[in-house]
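Structure assessment
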Amino acid sequence: MFSDQDNLSNAAAAAPASEAESTPNSAHPETNSTVESAAEQDVPLAAAEHADAAGASGDVAAAHATAEANQEAHAADAESAATDEEAAGSEEMSKLLEQYDEKQEAAASNEVIEVKVVAYTRPEPNSTIEVQRTGERKDGFTILSYLKVLRRRMWEKIEAAFKAKETLTGKVVDRIKGGLVVDIGVRAFLPGSQYDLRPAQNLDNLTGTDLQVRVTKLNRRRGNVVVSRRALLEEELHAKRAALMETLSEGQIVRGHVKNVTEYGAFVDLGGIDGLLHLTDLSWGRVKHPSDVVKPEQEVDVIILKFDKEKQRVSLGLKQLMADPWAGAAEKYPAGGKVKGKIVGVVDYGVFVELEQGIEGLVHVSEMSWNKKIQHPSKVAKVGEEVDVVVLDIKPSDRRVSLGIKQAQPDPWLLIAEKYPVGTVVTGKVRNIAEFGAFVEIEDGFDGLVHVGDVSWTGRVKNPHEVFKKGEDVTAKVLKIDPENRRVSLGIKQVNDIWGDWFKQHKVGQIVKGKVSRIATFGAFVELGENIEALCHNTEIEERKRRDEGPSSFRPTTGPLKSAGPLEPGKEYDFKIIKISPETRRIGLSYRAAVKQIERKEIEQYRSTSKSSSTATIGDALKTKLSAR
């Protein structure tokens, strides 16, 4: 790179133009300055391109935003690294220029040296050329410079191309750190980031190749020129993209090649604009990673799902070109149907089962077992396992199907009802204790409740913790089974059902013997057997007296009750059963009715044994009874 004020020696002036230009700045002191950094002119187009590539709108707008952010970050990192490298390259180029400007050691006077002629040109005879006075004379002749004019005209051409943003053709003559040296008539610096739309991986093999470039920075005084090939590629890309944008429409099927693959999808180059093929639009089935479906540089046919011309965002779909498995799902998987599936996902609230590619259903944790309380689905289910499921509900419009695993198995509660019918005595361990009773495990997964009211016939249980201990064995009788509500009622007191046996052996009207256990103001309690107590009300002890006969002699108003008429605690008497209630375990007795019945029976016996039975009276029977005593 040379300035207009180059002062060349006579030998340099006589050298061929091509040779002189091959050794630029050999005698100009102003070229000691460094080439200015290309970073001042660089615009990170890679980031802009990736932002366009990630531009698909609609349902995957969030994915586009993420794609843009990620790619801009990567582009920024790449640009930063490229800028550092180019700065170093700019410094290296400056050093090269300084080497041209260094004063060479003067050759020994009259020394003869050998040189190689690399080119030789001269104007044709009678041709008109432009020259410049050097200000020197020799042997009466004015010394002129042809090369200075050529260099001036070259700089003028480059300046004009710079202002008009015209394209120049140059040759790569050197590879330096941070970029390339390109000869466009002067030596220009091409930063590595300005070679292509994306940072080039290797620039070492470009020496000697011709490139079309555009001047992006020029300082004629300092002899600095920065060029860019990328600027031309961008213009070409924008023009190509603008033309493509006019042809795209939603629903259109286009062909492109996969540019790159990320965790959330793939970018497909449609020929000037990139579209986002989101992970959810790759396949109707479950996709772990987009690379399982598409690979970089792979050509694919895709459909345009959404197109935002203003933002230049395109959302693409691949699965939409295939048949939708949900189209006939309701007929294929009706509610109540039993099918096979494969577990493809395990979550806290259940498992996902794939019925076919593209159709997955949820088995809620509550639908996994009839009797086991599952703490976490992973305890009983693994990804990849095949299971039988029953379709509980299906909504193709919402792409949802509810499944059940337990429904595909026999309901154990129905088996429990057959295995443990009402009245069966079972033994199990106390699993849990509540305020209203204790839960006893009949067998694995099945608990029955022993209510506090079914613990004892006589005693009233106020605190179940005083009666039950967790883990202890308990024997109880099955009182009720409710398969629909998954409940079993158990009773401990019913195991020894003395009341039930007593009721079976006795009936109303029967005379029984009983011991008066205690006296109350309303009657006497009579013990008929172990833990079996009946009540003989005051009205059933003696005949009611008339009012004029005064109060009953056995109704004291104060003090302990020592007797109820003829009945005294601790003594045994005959009673007649006048009421039986098995449901409430209550028995009603009558002392006076028993006395009358016994008297009638004795009279009948007396009459049947007496000779004068027709004339025998009750008085006679009583006399006979007393005399027998």
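Just above sits the structure.
**Focus on the overall build of the protein chain**
- Of regular secondary structure, the protein chain possesses eleven helices and 27 strands.
- Every one of the 629 residues in the protein chain was classed for burial, and the buried ones make up 40%.
- Long-range pairs, those at least 24 residues apart, make up 63% of the contacts in the protein chain with a sequence separation of at least 6.
- Within the structure as shown, the protein chain displays about 36,400 Å² of accessible surface, and the carbon and sulfur contribution to it stands at 49%.

**Focus on the sheet that holds strand β23 (residues 511–520)**
- Sheet architecture is closed into a barrel: five strands sit in the order β23-β24-β25-β27-β26, paired in mixed fashion. Pairwise comparison of adjacent strand axes, ignoring direction, gives a mean angle of 50° for this sheet.
- Looking at chain direction, strand β25 (residues 532–537) and strand β27 (residues 586–590) are connected through two bridges and run parallel. Directly across from C536, in β27, lies its bridge partner L589.
- Relative to the sheet, helix α9 (residues 498–505) contacts β24 (523–529), β25, β26 (572–581) and β27, its axis offset from that of β27 by approximately 45°.
- Contacting β23, β25, β26 and β27, helix α10 (residues 591–609) crosses the sheet at an angle of about 115° to β26.

**Looking at the pattern of salt bridges**
- Counted by the stated rule, this structure contains 23 salt bridges.
- E246 is the salt-bridge partner of K309, the closest N and O atoms lying 3.0 Å from each other. In this pair, K309 sits in the loop between β11 (299–308) and β12 (313–317) while E246 sits in the loop between α6 (230–245) and β8 (253–262), placing the two residues 63 residues apart along the sequence.
- By relative accessible area, K309 is classed as partly exposed at 42%.
- With its nearest N and O atoms 2.9 Å apart, the salt bridge here joins K259 to D274.

**Details of the layout of surface pockets**
- Considered as a void within the structure, the second largest pocket measures approximately 550 Å³ in volume.
- Taken together, 18 residues form the lining of the second largest pocket, with W284, W326, G358, E360 and R399 sitting closest to its centre.
- Mapped onto the lining of the second largest pocket, the elements with two or more residues apiece are β15 (359–364) and β17 (400–404).
- Of the residues contributing to the lining of the second largest pocket, the split by class is seven nonpolar, six polar and five charged.

**Examining unusual backbone geometry**
- Positive phi, normally seen in glycine, also occurs at D139, with a value near 55°.
- Turning to its location among the elements, D139 is positioned in the loop between β1 (132–138) and β2 (141–145).
- In this structure D139 comes out as exposed when scored by relative accessible area, which is 69%.
- Positive phi is not limited to glycine here, since R486 has a value of about 55°.
- Along the polypeptide, R486 turns up in the loop between β21 (473–482) and β22 (487–491).
- Residue classification places R486 among the partly exposed positions, given a relative accessible area of 27%.

**Quick look at the environment of K309**
- On a C-alpha basis, the gap between K309 and A242 in space is 9.8 Å, while along the polypeptide they are 67 residues apart.
- Beyond its immediate sequence surroundings of up to four residues, K309 is in contact with M245 and E246.
- Within the structure, K309 has its side chain in polar contact with the side chain of E246 (distance 3.0 Å).

**A look at the sheet that holds strand β16 (residues 386–395)**
- Taken together, the five strands give a closed barrel; going around it, the order is β13-β14-β15-β17-β16, and neighbouring strands pair in mixed fashion. Ignoring which end each strand starts from, the neighbouring axes of this sheet average 50° apart.
- Sheet topology places strand β14 (residues 350–356) next to β15; six bridges connect them, and they run antiparallel. When the bridges of β15 are listed, E354 appears paired with E360.

Rules used in this analysis
Residues numbered from 1 in each chain as written. Predicted model: local features only at pLDDT ≥ 70, side-chain atom pairs only at ≥ 80, totals over all residues. Heavy atoms only, no water. Helix = DSSP H or I, 4+ residues; strand = E, 2+ residues; numbered from the N terminus. Buried < 20%, exposed > 50% of the residue type's maximum accessible area, 1.4 Å probe, protein only. Contact = heavy atoms within 4.5 Å. Areas by Shrake-Rupley, 256 points an atom, 1.4 Å probe, with all protein chains shown as cover. Pairing = 2+ DSSP bridges. Axes fitted to C-alpha atoms, helices over the stretch in contact; angles between N-to-C directions. Salt bridge = Lys/Arg side-chain N within 4 Å of Asp/Glu carboxyl O. 1 Å grid on protein atoms, 1.4 Å probe; cavity = no way out; pocket = protein on both sides within 12 Å on 5 of 7 lines; lining within 4 Å. Points joined across faces, edges and corners; volume = space filled by probe spheres on them. Nonpolar A, V, L, I, M, F, W, Y, C, P; charged D, E, K, R; others polar. Polar contact = N/O pair within 3.5 Å; in protein donor to acceptor, adjacent residues only side chain to side chain.

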